[in-house]
Amino acid sequence: MSLPSGSPASQPPAPQPPVELGRIEPVQVRVPLTKPLVTYILLGVTLGVYLLQMLSRPLFGYDLLLAMGAKSNTLIQQGQFWRLITPMFLHVSLPHIAFNMYALYTFGISLERHYGRRRFLLLYFIGGLGGVVLSYLLSPENSAGASTALFGVVAAEAVFLYYNRKWFGKEAVSALWNTVFIIGINLVLGLSPGIDNWGHLGGLIAGGAFAALAGPSLGLRGEYPNLSLEDTRSLRRAAVVAVAEAGLLLFLVLMTFF
């Protein structure tokens, strides 16, 4: 069936503007972001535990939760293995928890948006476990605090920025150097008496290793102009890496029993 002249389909295509060779057109790229629910839950749980710590002092005459959950080499060797995890939720003073929760809020919110909730939670616990284990192996002193896990988070932030720097331009390089500077300053401050710097270093190593092996590695997907940055690493990979790291850390602890 012929189309009447004058209909849209019968008209010749409109001339297209010539393409200028060498001209770079800006393209919007969508970056998927997760709402930082886990960070808020960790903040709430840790603050709630500290409130219970403060309530236990007048009730029992001492900090019951700290006594039951702080890192103690002697009690871990007696089989109280929960002390490899519980120290990351316990704090010894108000300034101690205030500083740590500020760090969790600052770094956790931005990192969880890219990591996703489950992988960020794995990172947090692996960093905390790594810090307590290295402290157990190298420091005889009792200790507690979320800084073990937080050093893991900060290390993961640095690894994420380094691996994905080509997508974020100069801002990523500046943020990366900022993060490295923060790590360095805190390790130096950790040399002060009464601070468990082995715990910091353990969290840094465990969190950094997890990030390098299982953290987000962003790749460009889609066709122009509908482009997006998507993670090329699966959650399954993160789970396997977390189990392997946790297994290695627990093996190191068990070796001290023989």
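Note that the structure is a prediction, hence the values are computed from the model and not measured. (Residues numbered from 1 in each chain as written. Predicted model: local features only at pLDDT ≥ 70, side-chain atom pairs only at ≥ 80, totals over all residues. Heavy atoms only, no water.)

For this particular structure, what's the right way to read the packing of aromatic side chains?
Centre-to-centre distance and the angle between the planes together describe a pair of aromatic rings. What the rule picks out here adds up to five aromatic pairs. Taking 6.0 Å as the distance between ring centres and 45° as the angle between the ring planes, the aromatic pair formed by Phe160 and Phe168 counts as tilted. Judged by its relative accessible area of 5%, Phe160 is buried. For Phe168, a relative accessible area of 27% puts it in the partly exposed group. Connected via pairs of aromatic rings, a cluster forms that spans Phe89, Tyr124 and Phe125. (Phe/Tyr/Trp six-rings, centres within 6.5 Å; stacked < 30°, edge-to-face > 60°. Buried < 20%, exposed > 50% of the residue type's maximum accessible area, 1.4 Å probe, protein only.)

How should I be thinking about the pairing of strand 2 (residues 218–223) in this particular structure?
Look at any regular strand and the pattern is simple: side chains alternate between the two faces of the sheet. Here six bridges tie strand 2 to strand 3 (residues 226–231), and the two strands are oriented antiparallel to one another. Counterpart to Arg221 in the pairing with strand 3 is Ser228. In textbook terms, the turn of a hairpin is the stretch between consecutive antiparallel strands, and for strand 2 and strand 3 this stretch comprises two residues. (Pairing = 2+ DSSP bridges. Helix = DSSP H or I, 4+ residues; strand = E, 2+ residues; numbered from the N terminus.)

Looking at this model, I keep getting lost on the pattern of salt bridges. Mind explaining?
When their charged atoms lie close together, side chains carrying opposite charge are able to pair. Tallied over the entire structure, the rule returns two salt bridges. Of the charged contacts in the structure, one is a salt bridge between Asp231 and Arg119, with a shortest N-O distance of 2.3 Å. Taken together, the positions of Asp231 in strand 3 and Arg119 in helix 5 (residues 117–138) put the pair 112 residues apart, joining distant regions of the chain. (Salt bridge = Lys/Arg side-chain N within 4 Å of Asp/Glu carboxyl O.)

Whenever I open this one, the environment of Tyr124 confuses me. Can you help?
If you trace the backbone, Tyr124 turns up in helix 5. Tyr124 sits 27 residues away from Phe151 along the chain, and the two C-alpha atoms are 9.2 Å apart. Among residues more than four places away in sequence, those in contact with Tyr124 are Leu42, Met88, Leu104, Ala146, Ala149, Leu150 and Val153. (Contact = heavy atoms within 4.5 Å.)

Without other data, these values stay purely geometric and don't point to any function.
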